[in-house]
Amino acid sequence: MLRRRWLLADQLGPHFLDDPDQPVLLVEVRELLRRRPMHRQKAHLILSAVRHRAAELGDRALLLRTGTFREALAQVTEPVEVCHPHSRAALEFARSVPGLTVLPPRGFITSQADFAAWADRTRRGPLRMADFYRQARRWHDVLSGPARGTGGSGGAPAPRRPRGEAPTVPATPPPPPPIVEDDIDAQVRHDLDRWAADGVRFVGRDGPRQHPATHAEAQARLAHFLTYRLPGFGRYADVMSADDPLFAHSALSSSFNLGLLHPEPAVRAAEQAWRSGAAPRTAVEPFIRGLLGWREFLWQLYWYYEPRFRGANWLAATEPMPQWFAELDADAVEARCLADVLAAVRDRAWTHHSPRLLVLGNYALQRGWRPTEVADWFRHCFVDGTDWVMNATVIGMSQYADLARVDTRPYAVDGTDIDEISDYCAGCRYTPERALGELACPYTGGFESFLHRNRDRLVADPRLAAELARRDEPEHRDAVLAQEEKRGSSPP
């Protein structure tokens with residue numbers, strides 16, 4: 001007799017099932033939305049994906065709507081199994097349910113045992129993604145050997161631009177396949193409206209679904225990216241533009257994190273694009289490094305380190321996140337980069353990695369906001385937000401609160417760095433080169449203030465020590481500190 005496979009809301013792709021006849025359990029727990037306000041579009045995507053999966057499976061699927069997961073499991077008469085959950089809390093719950101079988105993890109390329117063995121061998125120093133990525137390429141035989149055609153070494157770094165000039169992809173790719181809402185989406189929207197009227201709070205704006213809710217939708221978006229955007233990914237992956245929030249990106253992070261796509265076929269398809277000459281290695285490798293390197297590394301770190309990793313706060317950041325930021329009030333902000341990126345989160349619940357790190361996370365770091373609050377905000381406001389991702393990328397990489405386990409230095413930069421890879425500074429009321437005065441960029445003044453406040457913790461880093469030395473004239477330093485203390489966490 002086949003056990004009923006419980007598919008969690010981040011286990012919705014075909015690789016989470018083994019037998020075409022296996023019965024499936026799917027569960028909706030409305031009370032999860034009451035714990036903390038979630039972005040309206042994220043809530044819609046999750047419910048839509050769960051319900052679309054139930055519709056795809058037909059009579060094989062039992063979809064239960066209950067107050068708790070334990071109540072749902074109590075209604076199932078046959079034995080139940082579940083693939084290893086993707087959070088500590090969910091795993092702890094699964095192990096507490098009598099008779100529930102927990103299977104090994106799925107949806108990742110490197111096994112936990114292989115990572116742990118590698119980490120144990122190298123733990124004399126900090127674990128670094130670059131070291132893990134090199135090992136993972138050897139384990140999985142990725143990007144080895146030559147490619148044919150001109151794709152083997154093509155591509156060059158994007159040239160530096162004059163200030164304010166818009167960075168553009170040489171040939172504008174066609175838009176990705178559209179997301180067409182159906183009756184399931186209409187019912188989800190109706191339910192969310194009803195729950196909001198009953199007191200469930202959401203952040204962000206509702207809008208047409210913009211991210212895949214099925215494996216087929218995600219696969220179509222992936223195929224489009226590999227054909228039209230991957231060739232420019234290496235040159236333009238870091239670029240930020242007010243005119244094109246997608247730029248060279250696939251925007252498929254939510255599809256991987258919902259389990260709609262498995263990363264290994266995506267890695268192999270990108271590798272094949274290089275081998276066939278359809279895309280240069282300088283474009284393919286950064287994409288593969290994101291999946292085989294960063295994504296795998298963050299997942300493994302989440303389970304390898306003890307839970308108190310999340311509670312670390314090396315820079316002693318203690319300021320609460322202000323309401324305007326938490327509520328996505330982009331209209332309160334004059335700094336063009338922050339206003340545009342915060343509006344993107346409000347309207348789409350997604351931006352790519354550069355706005356997250358350089359604009360959102362950088363500002364929170366400079367202002368000294370509590371890292372756990374920042375991580376929770378990212379988790380609830382982004383469609384791809386999960387505990388295992390935000391635990392390391394926000395607490396470790398962005399906010400540098402983890403004793404350098406993820407990155408070697410804080411992800412803090414000033415306005416000139418933002419200007420170098422974006423078109424935001426053109427037309428902004430602030431000047432990126434200025435740290436003092438009415439026209440001073442809040443990122444430039446904020447960066448200097450951050451350095452001075454944390455000098456004892458940061459002076460050992462050669463780059464940051466040099467930045468401090470350039471800005472250490474006493475009168476200038478004191479003026480910047482006074483200015484930024486007055487600005488505080490108010491919208492810039």
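Everything quoted here is computed from the prediction, not taken from an experiment.

How would you summarise the packing of helix H4 (residues 112–122) against helix H11 (residues 281–304) if you had to cite specific residues and measurements?
Relative orientation of the contacting elements H4 and H11 amounts to 75 degrees, with a least axis distance of 10 Å. In terms of orientation, H4 and H11 fall into the roughly perpendicular class. Between H4 and H11, the residues in contact are Gln-112, Phe-115, Ala-116, Trp-118, Ala-119 and Asp-120 and Phe-297, Trp-299, Gln-300, Leu-301, Trp-303 and Tyr-304, respectively. Counted by class, the contact of H4 with H11 contains nine nonpolar, two polar and one charged residues.

Talk me through the pattern of salt bridges; I want residue IDs and the actual numbers.
A full pass over the atoms with the stated rule returns 35 salt bridges. Taking the shortest distance from any N to any O, the salt bridge between Arg-5 and Glu-81 comes out at 2.8 Å. Residue Arg-5 is located in strand S1 (residues 4–6), and its partner Glu-81 is located in strand S5 (residues 80–83); the two are separated by 76 residues in the primary sequence. Here Arg-5 falls in the buried class, since its relative accessible area comes to 2%. Arg-137 is the salt-bridge partner of Glu-285, the closest N and O atoms lying 3.4 Å from each other.

A description of helix H14 (residues 353–367) should follow, citing residues and the corresponding values.
Helical geometry: 3.6 residues make up each α-helical turn, so side chains three or four residues apart lie on a common side. The end-to-end C-alpha distance of H14 is 20 Å, a good match for the 21 Å that 15 residues give at a rise of 1.5 Å each. In H14, a bend of some 40 degrees at Gly-361 exceeds every other bend along the element. Buried residues dominate H14, accounting for 14 of its 15 residues. Positive phi shows up at Gly-368, right after H14, with a value of about 75 degrees.

A description of the confidence of the model for the protein chain should follow, citing residues and the corresponding values.
Counting all residues, the mean pLDDT for the protein chain is 88, and 88% of those residues have values of 70 or more. Across residues 150–161, where pLDDT falls below 50, the model places 24 contacts with residues more than four positions away in sequence or in other chains. This stretch, residues 166–170, has a pLDDT under 50; its non-local contacts, to residues over four places away or in other chains, come to 13 contacts.

Cut-off values and rules
- Residues numbered from 1 in each chain as written.
- Predicted model: local features only at pLDDT ≥ 70, side-chain atom pairs only at ≥ 80, totals over all residues.
- Heavy atoms only, no water.
- Axes fitted to C-alpha atoms, helices over the stretch in contact; angles between N-to-C directions.
- Helix = DSSP H or I, 4+ residues; strand = E, 2+ residues; numbered from the N terminus.
- Parallel < 35°, antiparallel > 145°, perpendicular 65-115°, else oblique.
- Contact = heavy atoms within 4.5 Å.
- Nonpolar A, V, L, I, M, F, W, Y, C, P; charged D, E, K, R; others polar.
- Salt bridge = Lys/Arg side-chain N within 4 Å of Asp/Glu carboxyl O.
- Buried < 20%, exposed > 50% of the residue type's maximum accessible area, 1.4 Å probe, protein only.
- Expected span 1.5 Å × (residues − 1).
- Bend = angle between axes of the 7 residues up to and from the residue.
- pLDDT = per-residue confidence, 0-100.

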